[in-house]
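Here's the letter readout for the chains.
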Amino acid sequence: MSDTPVIYTIKAPRQLKATVLLPASKSISNRALIISQLGKRDTGQGTSLEGQETFSVPQNLSDCDDTAVIVRALKDHPQLIDIGAAGTAMRFMTAYLAVTPGEYVITGTERMKHRPIGVLVNALRQLGADISYEGEEGFPPLRIRGKELSGDMIEMQGNISSQYISAMLMIAPVLKDGLELRLKGNIVSRPYIDLTLWMMREFGADADWTSGDTVLVRPKPYEARPYLIENDWSSASYWYEMIALTDDDDAEIVLPGLNDGSRQGDAAARYIFSMLGVKTVFKRGKNSLESVVVLRKNNRQVPRLDYDFVNSPDLVQTIVATCAAKGIPFHFRGLQTLTIKETDRITALITELRKLGIVLRVENGTNLVWDGERCEKSDEPIDTYDDHRMAMSLAPLALIRPSLAVRNPQVVTKSYPHFWEELQKAGFEVVES
């Protein structure tokens, strides 16, 4: 078997007009799976995905890698659970297993073994969870001996990944005494916490903010119910980028399955891209219950963009690439979680955009700035760093760089398995070499 990496060469069409199939929301899918499973405990069905006749798996479930590893773990409950590179799965499953009878080891890729988990483990231990480290302190793999936990009042820093906080909140309804969670300091990614609370309430939980920094979850069990998952706003952002970058004034992309008033934090893409030349129109689909988004050019853009991404960090790569391609200087803040994602996304962006002649710089440790500085371009393929968002946010740059080459493009399966096929349906040439 060859170790030569796969490279895709991408050529953009002159005209851009397509109806695009987006994946279901990974964020909603992963939360719905955990909540549904916890709800089963009060229906007498046990703790696996079996018994679907009386408790349905959520409809329109994401088929991405991150969701698939949760499905396998919940269905089979193996003693050794390998979640690969799925950070969400590591956080959510750690909390889930802590309240699930049995003994498990949860692990992942080498990169995952260097992504911190100590904040979540410490919080769970405060509730009485039995969790130990199999390797380096503070990092996976973990050995978890699941059991019933009583609940308590605990404190966590608010400037950590919202996935730690969401993991704690989702198990709270099954704790004997519920949970009062106080967040200290600046709270980042609040929309993701709000999404978690909203979904918990959709399944019957009694959970809400009692103040600006405190969430109270009472010990009221989840209720079994059918659930339809919305499509993914994060994935929509790459199509926004294409509309922003194309020279086709009549370009139009239709995106079914996105809701106006969505609880997804990355629905902020519609607002940000309105400043970068893209108009968003909501329409009804063939099914009167389906909402459809139509993207068109508005030919208006700001001369400079200053923005705080603290509530939508997964949009950073897409907006950085768009602004750089359109020659719009920027100063972006709220990027503190980007260094512990699938890769150090700040460093990766600096490295890869330099290949395109763009010189970014870092200020104050995590602020990313471009003042228009350029350098000599390179013909080197774009590297993806095992990061799906690096691949998908930079692929649209084929609209400004003929024959853009992307190394290891298959990483998109983490969140958008059919991305390259949809790109081809929209008129792009994608050639493997």
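All of these numbers come straight from a predicted model, not from anything done at the bench.

Peer 1: What am I meant to see in the pairing of strand S13 (residues 291–301) here?
Peer 2: Along any regular strand the residues' side chains alternate between the sheet's two faces. Here strand S11 (residues 252–256) pairs with S13 via 5 bridges, running antiparallel. Its bridge partner lying in S13, Val254 is registered against Val294. Note: strand S12 (residues 276–284) against S13, 8 bridges, orientation antiparallel. When the sheet's bridge partners are listed, Lys279 is paired in S13 with Arg296.

Peer 1: What is the right way to read the packing of aromatic side chains from this model?
Peer 2: One pair of aromatic rings is described through two measures. These are the centre distance and the angle between the planes. The full count for this structure, using the stated rule, is 14 aromatic pairs. With centroids separated by 5.3 Å and ring planes inclined at 35 degrees, the aromatic side chains of Tyr240 and Phe273 adopt a geometry described as tilted. Separated by 33 residues along the polypeptide, Tyr240 in helix H7 (residues 233–245) and Phe273 in helix H8 (residues 269–274) bring together distant segments of the chain. Overall, Phe273 belongs to the buried group, its relative accessible area being 0%. Ring geometry for Phe309 and Phe332: centres 5.0 Å apart, planes at 75 degrees, overall edge-to-face. With Phe309 in the loop between strand S14 (305–308) and helix H9 (316–326) and Phe332 in strand S15 (residues 330–333), the pair connects residues that are 23 residues apart, well separated along the chain. In terms of burial, Phe309 and Phe332 fall into one category: buried. Grouped by ring-pair contacts, the aromatic residues Tyr8, Tyr238, Trp239, Tyr416, Phe419 and Trp420 constitute a single cluster. Lying across the ring of Trp209, Arg190 places its NZ or CZ 4.6 Å from the centre. Sitting over the face of the ring of Phe203, Arg225 holds its NZ or CZ atom 5.9 Å from the ring centroid.

Peer 1: Whenever I open this one, helix H3 (residues 87–98) confuses me. Can you help?
Peer 2: One turn of an α-helix holds 3.6 residues; hence residues three or four places apart share an orientation. If you check H3, its first and last C-alpha atoms are 17 Å apart, about what 12 residues at 1.5 Å a residue would give, namely 16 Å. The buried fraction of H3 amounts to 12 of the 12 residues, a majority that puts the element mostly inside the structure. Listing the buried residues of H3 in full gives Gly87, Thr88, Ala89, Met90, Arg91, Phe92, Met93, Thr94, Ala95, Tyr96, Leu97 and Ala98.

Peer 1: Sorry, what's going on with the pairing of strand S17 (residues 367–370) here?
Peer 2: Residues of S17 alternate between two faces, with Asn367 and Val369 on one and Leu368 and Trp370 on the opposite face, all of them buried. Pairing of strand S16 (residues 361–363) with S17 involves 3 bridges; the strand directions are antiparallel. Note on S17: the bridge partner recorded for Glu363 is Asn367. The hairpin turn running from S16 into S17, its antiparallel successor, is 3 residues long, and Asn364 in that turn takes a positive phi close to 55 degrees.

Peer 1: Explain the sheet that holds strand S7 (residues 152–157) here, please?
Peer 2: Hydrogen bonding along the main chain pairs the strands of a sheet, whether they run parallel or antiparallel. Pairing is mixed across the open sheet formed by 4 strands, whose spatial order is S7-S8-S10-S9. Whereas interior strands pair on both sides, the edge strands pair on one side only; in this sheet they are S7 and strand S9 (207–211). Geometrically, the sheet is characterised by an average inter-axis angle of 25 degrees between neighbouring strands, direction not taken into account. Taken together, the 4 bridges between strand S8 (residues 179–184) and strand S10 (residues 214–217) define a ladder with antiparallel strand orientation. Residue Glu180 lies in a different strand from S10, and its bridge partner there is Leu216.

Peer 1: Would you take a moment to explain the packing of H3 against helix H5 (residues 162–171) for this structure?
Peer 2: The description of two helices packed together rests on the angle between their axes and the distance between the axes. Packing of H3 against H5 leaves a shortest axis separation of 8 Å and a crossing angle of 35 degrees. The interaxial crossing formed by H3 with H5 has right-handed handedness. Every residue of H5 that contacts H3 at Gly87, Thr88, Arg91, Phe92, Ala95 and Tyr96 is listed here: Gln163, Tyr164, Ser166, Ala167, Met170 and Ile171. Among the residues making up the contact of H3 with H5, the classes are represented as 7 nonpolar, 4 polar and 1 charged.

Peer 1: Would you mind going over the sheet that holds strand S18 (residues 404–407) with me for this structure?
Peer 2: If you walk across this open sheet you meet the 3 strands as S18-S1-S19, and the pairing is antiparallel. Looking at which strands have only one partner, the edges of the open sheet turn out to be S18 and strand S19 (429–432). Recorded for the sheet is a direction-independent mean angle of 25 degrees between the axes of neighbouring strands. Looking at chain direction, strand S1 (residues 7–11) and S18 are connected through 4 bridges and run antiparallel.

Peer 1: Can you walk me through the pattern of salt bridges in this structure?
Peer 2: Close approach of charged atoms allows side chains of opposite charge to pair. In the structure shown here, the tally under the stated rule is 27 salt bridges. A salt bridge links Glu110 to Lys113, with the nearest nitrogen and oxygen atoms 3.5 Å apart. Residue Glu180 is joined to Arg182 by a salt bridge in which the shortest nitrogen-to-oxygen separation is 3.2 Å. Judged by its relative accessible area of 26%, Glu180 falls in the partly exposed class.

Rules used in this analysis
Residue numbers run consecutively from 1 along every chain, following the written order of its sequence. Where totals are concerned, whole chains, interfaces and linings use all residues; where local detail is concerned, this predicted model gives features only for residues with pLDDT of at least 70, and gives and counts side-chain atom pairs only at 80 or more. As a rule here, side-chain values cover all heavy atoms of the structure and leave hydrogens and water aside. We treat two strands as partners when DSSP finds at least two bridges between them. Elements are defined by DSSP. Helices are runs of H or I of four residues or more, strands are runs of E of two residues or more, and each kind is numbered from the N terminus. Paired rings are identified among Phe, Tyr and Trp, the last through its six-membered ring, by centres lying within 6.5 Å, and are further divided according to the angle between planes into stacked (under 30 degrees), edge-to-face (over 60) and tilted (the rest). Only protein chains enter the accessibility calculation, which uses a 1.4 Å probe; a residue is then buried when its area is under 20% of its type maximum, exposed when over 50%, and partly exposed in between. Think of it as a cone above the ring: NZ of Lys or CZ of Arg counts as a charge over the ring if it is within 6 Å of the ring centre and within 35 degrees of the ring normal. To estimate the expected span of a helix, subtract one from its residue number and multiply by 1.5 Å. Lines fitted to the C-alpha atoms define the axes, with helices restricted to the stretch that makes contact. Angles between their N-to-C directions range from 0 to 180 degrees. By definition, turning the near helix anticlockwise from the far helix through less than a right angle yields a left-handed crossing, and turning it clockwise yields a right-handed one. Every residue pair with non-hydrogen atoms within 4.5 Å of one another is taken to be in contact. Residue classes follow a fixed rule: Ala, Val, Leu, Ile, Met, Phe, Trp, Tyr, Cys and Pro count as nonpolar, while Asp, Glu, Lys and Arg count as charged, and any other residue, Gly among them, counts as polar. We define a salt bridge as a contact between a side-chain nitrogen of Lys or Arg and a carboxyl oxygen of Asp or Glu at a distance within 4 Å.

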